[in-house]
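Reading the structure
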Amino acid sequence: MTDQWNADRYEKNARFVSELGQGVFNWLNPKAGERILDLGCGDGVLTQKLIDAGAHVLGVDSSPDMIAGAVTRGINAHVADGHALDFSGEFDAVFSNAALHWMTRPDDVIQGVSNALKPGGRFVAEFGGHGNVAAIRTALSSVIRTHTGIRNAPDKIWYFPSPAEHQTRLESAGFTVNRIALIPRPTPIPGDMGAWLDTLAAPVLASVDGALRSVIRDEAAALLRPALCDSDGNWTADYIRLRFEAVAL
Ligand code: BEZ
């Protein structure tokens, strides 16, 4: 599969994603000397904060372009599929920000994280929860269906569970969930909705024929304008985060 991520475009249109990671970083509370896996590390901006806290960090991400960005920052990082983690009892914590919603086989991910952790290790993460980008998802879904007949295209690519669903999955894999919460976070975006869709919905748009992508992007953005763009032209994305802290057996 081609890499739908582009580090330069991400820097311009999605830097806010790592900037908003302070809350989940605080839940992790990394300690000097801990060995931490950053799952879905992207271009490594938040990974660097873990390193600055004195942790020994390995970053993994499925995107070669994002990993190239992380390695350029001097971060120890490599390409890996979060559904097929291959570590065994070696990390004090697994951390993840804004990545788990791209992993549509969550039980495989959770099992890999469980295997990667030492007994008592922490799994602390934040990602899109139930209702996340609901307006954006509905607009994309509707426009894609009109042009291609494909139903619910975004739902094949994004996993946005409720706290109860995700907690059940974690507990089934032997985790104890210390805290889990949905956090509504309407988020001003730096550009317009077209740029957001091109950057952050790239894998959804990639599921349709190339010539149609810009048509679908523009029609979805037009549908969303009344709900998500104010009279001064400022766009806000309807984010809802799911944040949790769980401990391995
Ligand atoms: C999110 O961080 O919630 C998100 C990012 C890209 C697409 C959809 C959701």
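I will try to describe carefully the structure that is included in this document. (Residues numbered from 1 in each chain as written. Predicted model: local features only at pLDDT ≥ 70, side-chain atom pairs only at ≥ 80, totals over all residues. Heavy atoms only, no water.)

Across its full length, the protein chain holds 10 helices and seven strands. Relative to a compact globule of 249 residues, whose C-alpha radius of gyration would be 18 Å, the protein chain shows 18 Å and is just as compact. Split into buried and exposed, the 249 residues of the protein chain put 52% on the buried side. Looking at the protein chain alone, contacts between residues at least 24 apart form 75% of all its contacts between residues at least 6 apart. Put simply, the protein chain shows about 10800 Å² of open surface, and 51% of that area lies on carbon and sulfur atoms. (Helix = DSSP H or I, 4+ residues; strand = E, 2+ residues; numbered from the N terminus. Rg over C-alpha atoms; globule rule 2.2 N^0.38 Å. Buried < 20%, exposed > 50% of the residue type's maximum accessible area, 1.4 Å probe, protein only. Contact = heavy atoms within 4.5 Å. Areas by Shrake-Rupley, 256 points an atom, 1.4 Å probe, with all protein chains shown as cover.)

In the vicinity of the ligand, the residues found are His101, Trp102, Asn132, Trp158, Phe160, Trp196, Leu200, Tyr239 and Arg241. The contact in question runs from an oxygen atom of the ligand to an N or O atom on the side chain of Asn132, over 2.7 Å. For the ligand, an oxygen atom lies 2.6 Å from a polar atom in the side chain of Arg241. Starting from 260 Å² of accessible surface for the ligand in isolation, the protein chains cover 98%. Put simply, the parts of the chain that give the shell around the ligand at least two residues each are helix H8 (193–200) and strand S7 (236–247). (Near = heavy atom within 4 Å. Polar contact = N/O pair within 3.5 Å; in protein donor to acceptor, adjacent residues only side chain to side chain.)

Quick look at helix H6 (residues 134–148) now. Helix length check: H6 (15 residues) gives 21 Å between terminal C-alpha atoms against 21 Å at 1.5 Å per residue, within 8%. What H6 keeps buried is the set Ile136, Ala139, Leu140, Ser141, Val143 and Ile144. Contacts from the buried residues of H6 go to H8, helix H9 (202–205), helix H10 (210–228) and S7. Gly149 sits one or two residues past H6 and shows a positive phi near 85 degrees. (Expected span 1.5 Å × (residues − 1).)

Here we come to the sheet that holds strand S5 (residues 117–128). Within a beta sheet, neighbouring strands are joined by backbone hydrogen bonds and run either parallel or antiparallel to one another. Pairing within the open sheet is mixed, and its seven strands lie in the order S3-S2-S1-S4-S5-S7-S6. Edge positions in the sheet fall to strand S3 (77–79) and strand S6 (176–188), since each of these pairs with one other strand and no more. Sheet twist, expressed as the mean angle between neighbouring strand axes with direction ignored, is 15 degrees. In this structure, strand S4 (residues 91–97) lies alongside S5, joined through six bridges in parallel fashion. Considered in S5, the bridge of Asn97 is made with Glu126. (Pairing = 2+ DSSP bridges. Axes fitted to C-alpha atoms, helices over the stretch in contact; angles between N-to-C directions.)

Grouped together as the largest cluster of nonpolar side chains are 31 residues, with contacts concentrated most on Ile136, Leu140, Trp158, Met193, Trp196 and Leu197. The set of elements that each furnish at least two residues to this core consists of helix H1 (7–19), H6, H8, H9, H10 and S7. The next biggest cluster of nonpolar side chains, apart from the first, holds 27 residues, and it includes Val94, Leu100, Ala125 and Phe244. (Core = buried A, V, L, I, M, F, W, Y, C linked by side-chain atoms within 4.5 Å.)

Let us look at the pattern of salt bridges. Counted according to the given criterion, the structure contains 14 salt bridges. Its salt-bridge partner being Asp108, residue Arg105 comes within 2.8 Å of it at the nearest N-O pair. Overall, Asp108 belongs to the partly exposed group, its relative accessible area being 34%. Salt-bridge contacts for Asp218 lead to Arg217; the nearest nitrogen and oxygen are separated by 2.9 Å. According to the relative accessible area criterion, Asp218 is partly exposed, its value standing at 42%. By sharing partners, the salt bridges in this structure join Glu126, Arg185, Arg241 and Arg243 into a single network. (Salt bridge = Lys/Arg side-chain N within 4 Å of Asp/Glu carboxyl O.)

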